[in-house]
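Single-letter residue listing:
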Amino acid sequence: ATVHVIHAWSCDFASLVAALSDCDSAGSDYFWLDVLAETLSAEEPTPRPVDFWTERLGEDIAATGRAVVVLAPWNGPLVLKRAWCLLELFAADRRGAELHVAMPPGEVDDFDAALCSDLKGISTDL
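Attention here is on the structure that accompanies the text. The model shown is predicted, which means the values in this text are computed figures rather than measured ones.

## Focus on the nonpolar core
Line of reasoning, step 1. Membership of the largest hydrophobic core comes to 17 residues, with the highest contact counts inside it found for Ile 6, Ile 61, Val 69, Trp 74 and Val 79.
Line of reasoning, step 2. At four residues, helix α4 (residues 83–94) tops the list of elements feeding residues into this core.
Line of reasoning, step 3. Contacts of Ile 61, omitting those with residues within four sequence positions, involve His 4, Arg 66, Glu 88, Ala 91, Ala 92 and Ala 97.
Line of reasoning, step 4. Core analysis: the next-biggest nonpolar cluster, separate from the first, contains nine residues, Val 5, Ala 19, Leu 20 and Leu 33 among them.

Okay, structure coming up:
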């Protein structure tokens, strides 16, 4: 993988793919999605300790050197309300990863409209 993706699992998968497609205009990136690679459920047969996850997460992000956070919906991003996603953002910062923001196309349009009509309101939405 060349980019670690920080996203809320509850977001629509088609929207996630659309957001990632828009941020990879050259078509050369390989995205690491934890939803496809890791079992994070507390119900797994042998839950792993928190230290395992924090170390593993840091290693995964350091290996790519880049992370993209998918904001959806833009005016109340679920990714900023999930503890695991906040841990990923923290790990990306601590490991010095390049951080990018992506939004599904419809969210970009809504965000652009808000930029033009309600700049002050954006700060309260985020």
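Still more ground to cover, so stick around.
## Points about a nonpolar patch on the surface
Line of reasoning, step 1. Among the surface-exposed residues, Trp 9, Phe 13, Val 17, Val 35 and Leu 36 lie close enough to one another that they form a single nonpolar patch of about 490 Å² accessible area.
Line of reasoning, step 2. Among the elements of the structure, α1 (13–23) and α2 (34–37) are those that each provide at least two residues to the nonpolar patch.
Line of reasoning, step 3. If you trace the backbone, Trp 9 turns up in the loop between β1 (3–6) and α1.

## So, the side chain of Glu 88
Line of reasoning, step 1. Relative to the assigned elements, Glu 88 resides in helix α4.
Line of reasoning, step 2. Although Glu 88 is buried, it makes no salt bridge; Arg 82 carries the closest opposite charge, 10 Å away.
Line of reasoning, step 3. Look past the residues within four positions of Glu 88 in its chain and what remains in contact with it is His 4, Val 5, Ile 6, His 7, Asp 34, Leu 57 and Ile 61.

About the criteria used
Residues numbered from 1 in each chain as written. Predicted model: local features only at pLDDT ≥ 70, side-chain atom pairs only at ≥ 80, totals over all residues. Heavy atoms only, no water. Core = buried A, V, L, I, M, F, W, Y, C linked by side-chain atoms within 4.5 Å. Buried < 20%, exposed > 50% of the residue type's maximum accessible area, 1.4 Å probe, protein only. Helix = DSSP H or I, 4+ residues; strand = E, 2+ residues; numbered from the N terminus. Contact = heavy atoms within 4.5 Å. Patch = residues over 30% accessible without salt bridge, like charges linked within 9 Å, V, L, I, M, F, W, Y side chains within 5 Å. Areas by Shrake-Rupley, 256 points an atom, 1.4 Å probe, with all protein chains shown as cover. Salt bridge = Lys/Arg side-chain N within 4 Å of Asp/Glu carboxyl O. Lys, Arg positive; Asp, Glu negative; His and termini not counted.

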